[in-house]
Amino acid sequence: QKEVEQDPGPLSVPEGAIVSLNCTYSNSAFQYFMWYRQYSRKGPELLMYTYSSGNKEDGRFTAQVDKSSKYISLFIRDSQPSDSATYLCAMSGDGSGNTGKLIFGQGTTLQVKP
Amino acid sequence: NAGVTQTPKFRVLKTGQSMTLLCAQDMNHEYMYWYRQDPGMGLRLIHYSVGEGTTAKGEVPDGYNVSRLKKQNFLLGLESAAPSQTSVYFCASSVEFQSTDTQYFGPGTRLTVL
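Per-chain numbering applies: the sequence of each chain, read as written, is numbered from 1 onward. Each chain gets a letter, beginning with A, and each ligand a number, beginning with 1, in the order they are written. Totals for whole chains, interfaces and linings use all residues, but because this is a predicted model, local features are given only for residues with pLDDT of at least 70 and pairs of side-chain atoms are given and counted only at 80 or more. Just so you know, side-chain values use all the structure's heavy atoms and leave hydrogens and water out.

A short note on the packing of aromatic side chains
Thought 1: Two rings from Phe, Tyr or Trp (for Trp, the six-membered ring) form a pair when their centres are within 6.5 Å of each other. A pair whose planes differ by under 30 degrees is stacked, one over 60 is edge-to-face, and the rest are tilted. Within this structure, the stated rule accounts for 11 aromatic pairs over all chains.
Thought 2: Residues A:Tyr25 and A:Phe33 carry aromatic rings whose centres are separated by 5.4 Å and whose planes lie at 45° to one another, so their mutual orientation is tilted.
Thought 3: Considering the side-chain rings of B:Tyr64 and B:Tyr89, the 5.8 Å spacing of their centres and the 65° angle between planes classify their relative orientation as edge-to-face. With a gap of 25 residues between them, B:Tyr64 in the loop between strand S6 (54-57) and strand S7 (65-67) and B:Tyr89 in strand S9 (residues 87-94) connect regions that are remote in the sequence.
Thought 4: Three or more aromatic residues joined by ring pairs form one cluster here, namely A:Tyr36, A:Phe104, B:Tyr33, B:Tyr35 and B:Phe105. Secondary structure elements are taken from DSSP: a helix is a run of H or I of four residues or more, a strand is a run of E of two residues or more, and numbering for both begins at the N terminus.

Structure below.
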């Protein structure tokens, strides 16, 4: 079983829809949770970062962490065609001291149709 | 300011051939990383470097070697390529080796081993 599981999709939604992207993980020691966005044929770029449990909002994007359930989510409100990309969750801080080593999910491919 | 660049963008090798992938960053970052991205597997860390002249193994280091002779460059070598090394390779860099620090990714190198 992978340490981080993410539904690869693809996920197709109409423009304006609310999108929910999710990851589950098995290592309860993870403290840092990130979402990266990757456009086709490009490198990933950091979208949002959250420490421990709770919510974080940035414009149309909201990241949620539920450590008790080992479950993280990224919500996109009023989705736009420009949001079409692969979204990767990543996490780290497993207590080994190497907090810079990220464990990535498989990525979910999102398509927002006009 | 080009950020993180990777050379070459594409390469096709035959089994047993060798090659070197070059990563360069102009942000004066101390830390650099090599990842591979495969369908259904997400990004996996191959090797990383915490400074000039230092390297360390990541999650999937077998079959690869790295060198960091200059702070701005991080080289990934395949001594005897195998079809299992067909993948997209991404280089990244960061200021600190902390989860709170953003990793900046290059555009990737698509490698096919026949």
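As for the environment of A:Pro10
Thought 1: Within the element layout of this structure, A:Pro10 appears in the loop between strand S1 (4-6) and strand S2 (11-14).
Thought 2: Here the term buried applies to any residue with accessible area under 20% of the maximum for its type, exposed to any over 50%, and partly exposed to those in between, with areas from a 1.4 Å probe on protein chains only. The exposure class assigned to A:Pro10 is exposed, which follows from its relative accessible area of 72%.

Examining the sheet that holds strand S8 (residues 73-78) of chain B
All names here are of chain B.
Thought 1: The 4 strands lie next to each other as S1-S3-S8-S7, forming an open sheet whose pairing is antiparallel. On the outer flanks of this sheet lie strand S1 (4-7) and S7, each paired with one strand and no other. For this sheet, the mean inter-axis angle between neighbouring strands, taken without regard to orientation, is 20°.
Thought 2: Strand pairing follows a simple DSSP-based rule, namely that at least 2 bridges must link the two strands. Two strands pair when backbone bridges link them, and S1 and strand S3 (residues 19-25) are joined in this way by 4 bridges, in the antiparallel orientation. Across the sheet, the residue bridging to Val4 is Gln25, located in S3. Here, axes are lines fitted to C-alpha atoms. For helices the fit covers the stretch in contact, and angles between N-to-C directions go from 0 to 180 degrees.

So, the pairing of strand S3 (residues 19-25) of chain A
All names here are of chain A.
Thought 1: What you see with S3 is a clean split: Val19, Leu21, Cys23 and Tyr25 sit on the buried side and Ser20, Asn22 and Thr24 on the side with no burial.
Thought 2: As paired elements, S1 and S3 share 3 bridges and run antiparallel to each other. Bridge assignment links Val4 to a residue of S3, and that residue is Tyr25.
Thought 3: With 6 bridges joining them, S3 and strand S8 (residues 71-76) adopt antiparallel strand pairing. If you follow Val19 over to S8, its bridge partner there is Ile76.

Concerning the side chain of A:Ser79
Residue and element names in this part refer to chain A.
Thought 1: With respect to the element layout, Ser79 can be found in the loop between S8 and strand S9 (85-92).
Thought 2: A relative accessible area of 0% means that Ser79 is categorised as buried.
Thought 3: Identification of polar contacts relies on pairs of N or O atoms within 3.5 Å, with a donor-acceptor requirement for protein atoms, meaning one able to donate a hydrogen and the other able to accept it, and with residues adjacent in sequence counted only if both atoms are side-chain atoms. Polar side-chain contacts of Ser79 include one of 2.8 Å to the backbone oxygen of Ala17.
Thought 4: Any two residues having at least one pair of non-hydrogen atoms within 4.5 Å are treated as being in contact. Setting aside anything within four residues of it in sequence, one finds Ser79 in contact with Val13, Pro14, Glu15, Gly16, Ala17, Val19, Arg60 and Val112.

So far we have only geometry, and geometry alone does not tell us how the molecule works.
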